[in-house]
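Spelled out, the chains give:
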Amino acid sequence: MTRRALVLAVAAGCTATVVLTACSSGSGSSGHRSAAPTPSSPAPRSFSATVDNPWFPLPPGRTLVYSGVKDGAKTTEYLTATRETQKITGIPCRVVEDRVYTGRTLHEATRDYYAQDAAGNVWYFGEDTAELDAHGNMLSTEGTWRAGRDGARPGVFLPAHPVPGAGGQQEYYPGQAEDRFQVLDLTSRVSVPYKTFTGALRTKEWTPLEPGVVDNKYYVKGIGTVKEITVKGGPFEENVLTAVRG
């Protein structure tokens with residue numbers, strides 16, 4: 001398999017280098033080795049909580065609404081970019097609240113932390129997540145992590161200029177959070193309840209913590225994620241955009 005390193009200079013004065021690798025791709029391929037090493041800790045002065053990467057914008061106050069299937073149950077998800085920021089390893093991050101309901105019951109509540117570097121790459125700095133029972137009692141916080149704690153490091157969630165074949169590690173907390181991605185194309189057509197789009201960015205995503213399971217994600221400029229679906233392995237999960245609020 002032929003590979004080529006793609007090095008994105010993050011910003012002048014920034015100590016981090018984002019390393020992405022490119023290789024032949026396909027939604028059914030086993031090219032999981034394409035993920036790059038986790039990047040080094042970035043310099044706080046080169047980052048902002050303002051995330052305006054066109055493929056994954058997080059304008060404060062906007063909520064994306066999704067319907068889906070998870071663990072065999074129908075779900076509704078509300079993804080809200082709040083006006084709140086929080087510093088992680090000295091870097092200001094946008095707080096995104098993620099609420100997943102089964103019926104009228106809140107099943108998962110998560111706070112995600114994103115920042116953008118001067119080059120436009122979106123970084124992921126961690127999440128506080130909780131799984132709840134039907135009465136609102138906490139069942140688990142599995143998957144919670146923050147950069148700088150217990151060896152956890154941030155990753156590039158989405159590059160400023162996606163290139164087919166490029167990939168990287170989105171998060172790194174050994175044994176808990178090890179998601180990776182690879183860009184498949186920027187020309188996909190995708191239909192969701194909200195709208196039909198052309199020219200969507202399609203990625204392959206996986207984690208070594210769930211061997212054999214592969215998802216595809218579709219991103220649309222100006223909106224962000226519009227669809228996520230399991231394409232290999234299981235259990236089957238799907239999430240599609242139904243509304244944009246704010």
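Everything numeric in this text was worked out from a predicted model, so none of it was measured.

Where do I start with the pattern of salt bridges in this structure?
A pair can form between side chains of opposite charge whenever their charged atoms are brought close. In this structure the tally under the stated criterion is seven salt bridges. In this structure, the salt-bridge partner of arginine 111 is glutamate 97, at a minimum N-O distance of 3.8 Å. Residue arginine 111 is located in strand 7 (residues 105-117), and its partner glutamate 97 is located in strand 6 (residues 91-102); the two are separated by 14 residues in the primary sequence. Note on arginine 111: relative accessible area 21%, which makes it partly exposed. By relative accessible area, glutamate 97 is classed as partly exposed at 26%. Arginine 146 is the salt-bridge partner of aspartate 128, the closest N and O atoms lying 2.6 Å from each other. A residue pair is termed long-range when its members are at least 10 positions apart, and aspartate 128 in strand 8 (residues 122-132) and arginine 146 in strand 10 (residues 145-146) qualify at 18 residues. Residue aspartate 128 is classed as partly exposed on the basis of its relative accessible area of 23%. Looking at arginine 146, the relative accessible area reads 14%, which means it is buried. Within the structure, one salt-bridge network assembled from shared partners comprises Glu84, Glu97, Arg99 and Arg111.

Looking at this model, I keep getting lost on unusual backbone geometry. Mind explaining?
Leaving glycine out, the prevailing phi sign among residues is negative, and the prevailing peptide bond configuration is trans. Along the chain, glycine 234 connects to proline 235 via a cis peptide bond; the corresponding omega equals 5°. When you line up the elements, proline 235 lands in the loop between strand 17 (224-232) and strand 18 (238-245). The phi angle at aspartate 71 is positive, at roughly 55°, despite the residue not being glycine. With respect to the element layout, aspartate 71 can be found in the loop between strand 4 (63-70) and strand 5 (73-88). Aspartate 71 gets classed as exposed once you look at its relative accessible area, which sits at 55%. Positive phi, normally seen in glycine, also occurs at threonine 89, with a value near 50°. One can find threonine 89 in the loop between strand 5 and strand 6.

Rules used in this analysis
Residues numbered from 1 in each chain as written. Predicted model: local features only at pLDDT ≥ 70, side-chain atom pairs only at ≥ 80, totals over all residues. Heavy atoms only, no water. Salt bridge = Lys/Arg side-chain N within 4 Å of Asp/Glu carboxyl O. Helix = DSSP H or I, 4+ residues; strand = E, 2+ residues; numbered from the N terminus. Buried < 20%, exposed > 50% of the residue type's maximum accessible area, 1.4 Å probe, protein only.

By themselves these figures say nothing about function.
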